[in-house]
Amino acid sequence: MTETPNLPALGARPNVREEIAEALRAALVAGEMRPGVVYSAPVLAERFGVSATPVREAMLDLAKEGLVTAVRNKGFRVTELTARDLDEITAVRTLIEVPTVGQVAESVPAERIAALRPMAEAIVEAAERGDTIAYIEADHAFHLELLALAGNRHLIEVVERLRYRSRLYGVPKLAQSQELSFYAREHLELLDTVASGDPSAASAAMDHHLRHVRNAWADDPTP
C-alpha cells in the first residue's frame, strides 16, 4: 500500500536533503505518515517538487534513526511503535531529563530559564489554533532548549533522537477534542517550577510531564 501524506511545505534551506528529512520527521511525529504504510520516494518527491534522489537520501537518514524501513522496489515503510517501545523510550527519557531539569533549576539563573517563556507560549498558541505540526515543532524546540541550559550537547542529541522515535500519534486526536490546550499549558507550569530554583520540584514536574506524554498523547494510554 502506498499513499501521499499531507506534508509541510519546504522552505529555503540550501541543503534540500536535510530540509526534506525535517519535513518528513514532522509528518511522522504528527501522524501524517502512518505506521505500516509504504511511501514511495517518487510520489513524495512530486509532492515536494524535487527529484526523487534527495527524498531517497532523506528517507535513508530516517531509516538510520529507526523511523522507517526500506521496502525493496516499493519505498519506505513507517516503523510500527509498540506500547513496549514507547514505555522503554519514556523510561530512558525519564532517566536523562528528570535529573537534568533538576540540575538546571539548581544551577541556572532564573532569568535565563524565564527567557524560554515565549517558546512555551508558542506551544499554547499552536494548541489553541489546533495546529498539530506547529504544536509538535514548538514542543520539540522548547524541551531541547530547556535541557540545553545544562550545557551538555551530547545529551541533547540523545534526547532529540528519542523524541523522534516516540512520535506522538495522539496529538491530532487531542487537538480535535480540544484537550491539547490543557496539556500545552503544562509547559508554562513546568517552566515556572524550574525557574523557582527548587531542583526537587523541577524534577518532579518533569517526571509528571513525561508521564503525560506517555499516558495522554499515545494511542494506548496506560493507567
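Structure first, text after, so check above.
Residues numbered from 1 in each chain as written. Predicted model: local features only at pLDDT ≥ 70, side-chain atom pairs only at ≥ 80, totals over all residues. Heavy atoms only, no water.

Participant: Outline the packing of helix α6 (residues 117-129) against helix α10 (residues 180-195), listing residues and values.
Facilitator: Remark: α6 packs on α10, axes separated minimally by 8 Å, with the N-to-C direction vectors making an angle of 170°. One finds that α6 runs roughly antiparallel with respect to α10. Here α6 contributes Arg-117, Ala-120, Glu-121, Ile-123, Val-124, Ala-127 and Glu-128 to the contact with α10, which in turn contributes Leu-180, Ser-181, Ala-184, Arg-185, His-187, Leu-188, Leu-191 and Asp-192. In terms of residue class, the contact of α6 with α10 is built from eight nonpolar, two polar and five charged. (Axes fitted to C-alpha atoms, helices over the stretch in contact; angles between N-to-C directions. Helix = DSSP H or I, 4+ residues; strand = E, 2+ residues; numbered from the N terminus. Parallel < 35°, antiparallel > 145°, perpendicular 65-115°, else oblique. Contact = heavy atoms within 4.5 Å. Nonpolar A, V, L, I, M, F, W, Y, C, P; charged D, E, K, R; others polar.)

Participant: Describe the sheet that holds strand β1 (residues 38-39), and please don't skip the residues or the numbers.
Facilitator: Reading across the sheet, the three strands line up as β1-β3-β2 and stay open at both edges, with antiparallel pairing between neighbours. Both edges of this open sheet fall to β1 and β2 (68-71), since each of them pairs with a single strand only. (Pairing = 2+ DSSP bridges.)

Participant: Can you break down α10 residue by residue, with the values?
Facilitator: Between its terminal C-alpha atoms α10 stretches 24 Å, which fits the 22 Å expected from 16 residues at 1.5 Å a residue. Along α10, the residues that are buried comprise Leu-180, Ser-181, Tyr-183, Ala-184, Glu-186, His-187, Leu-188, Leu-190, Leu-191 and Val-194. Just downstream of α10, Gly-197 is the residue with a positive phi angle, here 90°. (Expected span 1.5 Å × (residues − 1). Buried < 20%, exposed > 50% of the residue type's maximum accessible area, 1.4 Å probe, protein only.)

Participant: Kindly report on unusual backbone geometry, identifying the contributing residues and their values.
Facilitator: At Asn-73, a position not held by glycine, the phi torsion is positive, near 65°. Inspection of the secondary structure assignment puts Asn-73 in the loop between β2 and β3 (75-78).

That's the geometry; what it means functionally is another story.
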